[in-house]
Structure formats: structure tokens, C-alpha cells
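The chain contents come next:
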2 protein chains.
Amino acid sequence: MSAYTRADLAALDQSDPLAVHRDQFDVPDGVYYLDGNSLGVLPRQTPARVEQAVREEWGKGLVRSWNTAGWYELPRRLGDKIGKLIGAAAGQVVVADSTSINLFKLLSAALRLRPDRRVILSTRDNFPTDLYMAQGLIALLGDRHELRLVDDEAILGAIDDQTAVVMVTHVNYRTGRMHNMAATTQRAHQHGALMLWDLCHSAGAMPVDLDGVGADFAVGCGYKYLNGGPGAPAFLYVSQRHQPEFSQPLSGWMGHAHPFTFDWQYQPAEGIARYLCGTQPVLSMTALDCGVDTLLAADLNDVRAKSLRMTDLFIELVEQRCAGHDLTLVTPRPRDQRGSQICLSHPDGYPIMQALIAHGVIGDFRAPDIIRFGVTPLYLRYVDIWDAVDILATILNTRAWDVPEFKQRAAVT
Amino acid sequence: MSAYTRADLAALDQSDPLAVHRDQFDVPDGVYYLDGNSLGVLPRQTPARVEQAVREEWGKGLVRSWNTAGWYELPRRLGDKIGKLIGAAAGQVVVADSTSINLFKLLSAALRLRPDRRVILSTRDNFPTDLYMAQGLIALLGDRHELRLVDDEAILGAIDDQTAVVMVTHVNYRTGRMHNMAATTQRAHQHGALMLWDLCHSAGAMPVDLDGVGADFAVGCGYKYLNGGPGAPAFLYVSQRHQPEFSQPLSGWMGHAHPFTFDWQYQPAEGIARYLCGTQPVLSMTALDCGVDTLLAADLNDVRAKSLRMTDLFIELVEQRCAGHDLTLVTPRPRDQRGSQICLSHPDGYPIMQALIAHGVIGDFRAPDIIRFGVTPLYLRYVDIWDAVDILATILNTRAWDVPEFKQRAAVT
């Protein structure tokens, strides 16, 4: 392993086929933004498009815009666009609500489809809301089910004939570890279990092939790699083969077969629309539409290739420049187990991340001790990786993090 | 009853204490907007505020804005603001999700608080999503409960000792009939039942006093009288006395006591925050914040007084100008039974409403035969009522509605 110079990374930027995509975004000056896995950067198109939705569609069109501006169709239309990023043929994805709410819909559906099985299997280190939603559903159903949690590495072996549904986040939010989607789905199906993927840290970060692996259900987030803006609505996927079997319990009027006949009796819509519930936030969804376009403009194979090269470089540079500072690499080294982020643990992770942010390197901290750097190839340059590690090395060498102001915890970390 | 002239109504506008509030809004030229009970008009403040949220808070502040721009606190802060409009002291209202989702949370809570009772009592003509959400919950819980539906007029007499929760929309969406909130709540409590009010057609339209009447739960909509924009997030109210007793089943991470410790086990937050679930759509919620400000700038007693005067006038003018055209007044005449809308039935209601819209009078149609006119005193003038009825009379007299183009149904009516 040779010692890289900044010039080496600048050369990579020169030949980067994705370099042109950075122009789609408004990356603030003086910021090395390594937190696109928490909130993606503002696309340049978005402000004008949102303004049009506010001033023209709402302001001038008023209620007529439900028809004339396509608001009514937006959850399905945008769902089909996201479907192209995650390997889902049209009619299987809808945008609505939050990831948490969508998990509730799908877990309910899964338990209904496997009435004789009592186990929801997941990973102990799954993103907490996934576990909380399962806990809430289980309590509501009278504690007749079990949420069984195992380590990420043990998931394949833990699937058995009691398992109703396997709920796994494809890329672990805290470690960056990526699961083998095909093998896990196959194992679930061998045991008659259903497979629910959480794509929050993979949709828009790499190619995903839900139809190809035969997944049953999936959810994902609009505000991370999809660049949809703060709290953008989430999406859900239900394989075509399961759609007619069941209508989910959050049976709001937008999932009704004929919402505007105002029948008193619920009758589920055909297809994926039955996974809609209430009226959706059109302005936030319009911003998500712009964000999804930034991904559709690129080839996700290029995105994945650049992401892996960037995370390789991040690891190598940290090992060259930050040795002897108690940092531990948490993200797996094998490329086929690595998402689009680098996580390092350090006993003083919190103040170190605050010092980094104060110096323009925006990543985030994940309790108890992890500093997390997301890699978003559409708007990051290779030299950003060099500069970020350079600043990290300086902070560690000078102990610039070891001051009271960086130790005070904020509400949102 | 004397015959009014347009000049009579212009004189009312001259002395209207709320006239100045119209300047808070961008009402399009050439439009008589009588659909603010479906989608409120764009406030003038909103475009710039949303643009700031997009360009500055998201674009420049990026993920830091969860702390620095107050995004994290927004659902609670905005909830307290809405609380001022509905008679709820601080700490009892939170903004989140949709009305439908919030109904599910509160119905679940109510059934949990009354475990030995099996009846959810509502009205047959309640807004359908309220009924659908109850149906979805009942099915999920194994059909051990009953959704008992009665006519609006019969609700008081139908409350009995089997009733777990009474779920009523304060103002009926289709008829404009208003329930007596104090008497209904009192009757529910006399029988040991809980009272859940749907305020979709009253929040921002008239003074509401949830604490005063002793309500247990309430939900309401952000996009009607609160002027929050298309699909704006909804709100929910839980009386202080019920908050510690129960945590609701949609137990997402934003309702956790410590979301950023990322514990695997759900632990509900203190207070109303436990009714949060996932991450909220910040851009749509920012627009709602501006909309709520338009109401807080006025006295809701003035709003109610003008609304009643306007609906009185609407009824009188229709009776003077549109007699002999098969129109039937559906909205109750007694002021204490009337919300802020006028509903008329007509066998050809659908094409009549389409003709009205084509002539700039925007109301809406509600199946099977109702044309509905919402009255929003902050931005409507008395002369708008005169002009709207004038156009209605012309359309009826000339049968301008009786052409094929007005009979084709749109997706959203």
C-alpha cells in the first residue's frame, strides 16, 4: 500500500465519469459533506420546483391541482420512479408516510400471510425504529408473537420454520455492514418465511434488485441517498404476487378502491395503492421527486464503483494518517459486505465528530462510540475524502476535540 | 326577509373587522374560492418561508438544521400553536402524519384504556377515513370489537355502557351539521366512555375548547381551515390526564424517550411526544406553520361571527335567487348546529359544480348529490357570497351545466 498524495486523488476526479453530476447539487462552500446518508444535499432543481408547487400549483391552481397538477397520482408515479432504482417493475412501489409507518403496514401484512408462525426475526443492531415498530405491533396483537434478535452475522443461521418474516436492513446504519440480499432472501423462502428489506441505506447508493432476488416486501427512506429533503416521505414495495392477498390495517381513504364515492365501508384499491393511507404531504413529496431525478440521471453501477473506491481510499488514508489514535474500523473490509459509509469507533467519538463539524467535515455520531462518514458519489470528489481525512488527522494530532464545547450533547446527534 | 342587493353586502365588507386579514393571502384573481374547507388558500408569507427552509435550512444548514433550525422541536412547537386554536393548554397537541394515521393511534389508545368494552360508536355519515381506520384496527385485533354506526342526530342516545369510545366529527364534512361538543362529551363520560373528536372541519373555523369540554382525544387536519398547503401534516390531541397511561402502537423512534441513544427497546417519551412515530416532512410542516399563523393573527370569535353571517346570507340569497331549481338545503338552519359551510343537494350536483368551477366559483361535489361551499372568513368578502350565488343562479336559469363536458368525472372530485 503506497502513501497517497492529494494529487493522486485529484487525478481520480479528472477521470471520474460521475464528476459532472456534482453540478446537479448545491454543495455549500467550505463543507466536506459526509452525511448524505442522514440528509442528502439540496439538488439545484429543487428550489424552483418547490416554489412552482407552492405558487402555481397550490397558489393559483388551488384544489383543482389534485387533478391538474397530478397530486393525486404522485405517490404512485413517484413510486414507479423509485422502483427503477431498486429493481422493482412498475406497480409495486408507492411513496407514502414514513419508514416507520410503512414497516407497520408490511409487518402486519407478513403476519397475516403466515398466521401459524409467531417469530419476527431481525438483527439486534437493526435501526431502532424497525425494532420499535415490531414491538408496538406485537403488543397490539396481544403478545402472541416474538421479536427474535440476533447478531448481523448470525441472521442466515437463525431463520427457521417458526419464522414468519425476516426483517433486515440491507446496510447496517451503525456499522456500514451490508447483507447478502439474494442469499438471505433465498434462505427465508427455503424455510417458508417472508423477507422484508429495509433499504434506507441502500436505495440510491447502489444497484438493488428486489424483483431479481424475489423479495416479498421492502421499505426505504426518501431523505438520505435519494436527496428528497428533510423528513421526505418514505416508500414501500410489495411484490406483485402478494398484493391481492391482503389489505393492510392502516386502511385510510387514499387506499380505498373509490375514495371519492365516500362509501362507509372500506374496500381496498387494486394493486399497490391499497398501501396508501391518508392524504400525503405534496410539497415534501415534490422535493423528493426532484431528488429521485438526480439518481435516475446516473448509472447506479457507476455510483457503486465510485463508492467502493472512495471507501477503500478512506480506509487506507485513515490507516496511513491516523494510526496510533485509538480508532477502530467498524465497517467490514470485504467489498461485498460494505455499504456506502465508513464507520470508525473511538472512546471520544462524540467530541471528535463535533470538532470535525466545526472544521467543515460533516459526518455524524452514532451512540455509543461511532463516528460515521457517508459516501455519496454524485456530489463528492475524491479530494474531499483526502481533505476530510487530513482534517481528522490534524484534529487527532492536536487533540482539538478535547475542549468542553465539543462535549455538550445536542438534541439530535 | 328582504331582498338583498350587492351594495348591501359591499357595505358589510366596509365595516368588517376581519377585512384586513384578506391581505395575508394570495387569492387568485377571478376566483370565488369556496373550497377552503378542502384546501385553504396560500398565505402570502408561505412562499418565502418555504424557500428559506429549502435554500437556507436544508441547502446551507444541511443535517445541522435538525438542531439549529428547530426541525426536531417543530412537531411539538407547532402542536402548541394549534393548541391555542382548539382550547388545548401546552403539551397536549403534536403535529404528525395524517389524520388517518392519528386516528389509528388514538383509537388504539382508547381501546387499551377501556379493555372491557367492545364498541366504537360513530356516525354513519362520518368522513369515511375515520370509519375505515376503525375497521382496519378492529380487523387487526381479531374482530372482537364492533364499529356501531348511527345517524348524526342519534349519537347522544346511542352512547351506552358498552361504548369504549365515541368518535365523532364535530362538523360533518358532507352536510355541515355541527355536533354539541360539550353535551356529547358529557354524555360519553356519564357512561364511562372516552370521547374522540375529529376537528377537520372546525379547527381554525371557529373557537373550540377541548380542555373546557373535557375531551379525551382529538385529531384534525392541517390543509383545510389551517391553510397549511396540500396534504399538510395533521395534528392530534391527548388530554394531559391520559398521556402517562399508555403508549400507542405506532411506536416509532421519534416517540422514544431518547431517540439518539439508539436503544433496541422502545421506551415511550414523556408527554405528548410519545404520539410521534417516524421522521416528519419538514417542508410541508414549515408551510403549515405559516398557515397556522394566519389564524393566530385573528380572533376566532370574530371568525365564527362572520362565518355565521355569511352562511345566513348564503342561505337567504339561494332561497331568493335560485328557487324552483330542485335545490335542497342540507346544512342545518339553526346556528348552533351549523359549521362553516353550506351544502345543497341537487340530482345534477356534479355537473352543476363543474359549471360553477368553470365560471370561477370553486366549491366541491360530495357524492352522491351534494354541492358544497366552504366559508373561510379570513379571506372571503361578503360580496364574494353575493357573486357566487349570482353565478349559481345564472347557471341554473340557463342550464349551463347540462353539457357533456361537465358530466365527465375527474379522479378527485
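Structural data are supplied above this passage.
Residues numbered from 1 in each chain as written. Chains lettered and ligands numbered in written order. Predicted model: local features only at pLDDT ≥ 70, side-chain atom pairs only at ≥ 80, totals over all residues. Heavy atoms only, no water.

Caption draft 1: Focus on the overall build of chain A. For chain A, the count of helices and strands is 13 helices and 13 strands. What you see for chain A is a C-alpha radius of gyration of 22 Å, in line with the 22 Å of a compact globule of 413 residues. Counting contacts in chain A only where the partners sit at least 6 residues apart, residues at least 24 apart contribute 73% of the total. Only carbon and sulfur atoms are counted for the fraction: they give 48% of the accessible area of chain A, which is about 13600 Å². (Helix = DSSP H or I, 4+ residues; strand = E, 2+ residues; numbered from the N terminus. Rg over C-alpha atoms; globule rule 2.2 N^0.38 Å. Contact = heavy atoms within 4.5 Å. Areas by Shrake-Rupley, 256 points an atom, 1.4 Å probe, with all protein chains shown as cover.)

Caption draft 2: Representation of the sheet that holds strand 12 (residues 364-366) of chain A in the model. All names here are of chain A. Read from one edge to the other, the open sheet built from 4 strands follows the order 9-10-13-12, with strand pairing classed as antiparallel. One side of each edge strand has no neighbouring strand; the edge strands of this open sheet are strand 9 (328-329) and strand 12. Both strand 9 and strand 10 (residues 341-345) contribute to a ladder of 2 bridges, which runs antiparallel. Across the sheet, residue L329 finds its bridge partner in strand 10, namely L344. Lying on the sheet, helix 11 (residues 300-321) is in contact with strand 9, strand 10 and strand 13 (370-374); it crosses strand 10 at an angle near 25°. Packed on one face of the sheet, helix 12 (residues 349-358) meets strand 12 and strand 13 and runs near 35° to strand 13. (Pairing = 2+ DSSP bridges. Axes fitted to C-alpha atoms, helices over the stretch in contact; angles between N-to-C directions.)

Caption draft 3: The environment of P75 of chain A, seen in detail. All names here are of chain A. Of note, P75 is situated in helix 4 (residues 74-85). Overall, the relative accessible area of 6% leaves P75 in the buried class. Between the C-alpha atoms of P75 and P268, which are 193 residues apart in sequence, the distance is 16 Å. Residues contacting P75, with those up to four places away along its chain left out, are V93, V94, V95, L276, Q280 and M285. (Buried < 20%, exposed > 50% of the residue type's maximum accessible area, 1.4 Å probe, protein only.)

Caption draft 4: Layout of the relation of the copies chain A and chain B. Screw-axis analysis of chain A against chain B gives a translation of 0.0 Å along the axis, an RMSD of 0.0 Å, and a rotation angle of 180°. What the rotation and shift describe, once combined, is the action of a two-fold rotation axis. Every residue of chain A has its C-alpha some distance from the rotation axis, and the shortest such distance is that of S284 of chain A, at 2.7 Å. When the interface residues of chain A are mapped onto chain B, 100% of them again lie at the interface, so the same face is used by both copies. (Least-squares fit on C-alpha atoms with pLDDT ≥ 70 in both.)

Caption draft 5: Just the nonpolar core, in detail. If you look at the biggest cluster of nonpolar residues, it comprises 306 residues, and the most contacted ones within it are I86, L199 and L210 of chain A together with I86, L199 and L210 of chain B. Not counting the four nearest positions on each side in its chain, L210 of chain A is found in contact with I86, G87, M181, W197, L199, A215, A218 and Y237 of chain A. (Core = buried A, V, L, I, M, F, W, Y, C linked by side-chain atoms within 4.5 Å.)

Caption draft 6: A look at the interface of chain A and chain B. On the chain B side, the residues contacting the 83 residues of chain A number 83 residues. Counting each side, the surface lost to burial between chain A and chain B is near 7100 Å², with a carbon and sulfur contribution of 72%. Per-residue buried area on chain A facing chain B is highest for W58, Y132 and F262 of chain A; these three make up 11% of the total on that side. Here chain A is connected to chain B by 0 salt bridges. The interface formed by chain A and chain B includes 23 residue pairs in polar contact (both at pLDDT 80 or more). Of all elements in the fold, only helix 2 (46-60), helix 3 (65-68), helix 5 (99-113), helix 6 (128-140) and helix 10 (282-296) of chain A reach the threshold of two or more residues within the side of chain A that touches chain B. (Buried area = accessible area lost by both parts, 1.4 Å probe. Salt bridge = Lys/Arg side-chain N within 4 Å of Asp/Glu carboxyl O. Polar contact = N/O pair within 3.5 Å; in protein donor to acceptor, adjacent residues only side chain to side chain.)

Caption draft 7: Local environment of the packing of aromatic side chains. Counted by the stated rule, this structure contains 27 aromatic pairs over all chains. Ring geometry for Y132 of chain A and Y266 of chain B: centres 5.4 Å apart, planes at 65°, overall edge-to-face. With Y132 of chain A in helix 6 and Y266 of chain B in the loop between strand 8 (235-238) and helix 10 (282-296), this residue pair bridges two chains. As far as burial versus exposure is concerned, Y132 of chain A and Y266 of chain B are alike and both buried. Measuring from centroid to centroid gives 5.2 Å for Y350 of chain A and F365 of chain A, while their planes differ by 90°, and the two rings are edge-to-face. In this pair, Y350 of chain A sits in helix 12 while F365 of chain A sits in strand 12, placing the two residues 15 residues apart along the sequence. Residue classification places Y350 of chain A among the buried residues on the basis of a relative accessible area of 3%. (Phe/Tyr/Trp six-rings, centres within 6.5 Å; stacked < 30°, edge-to-face > 60°.)

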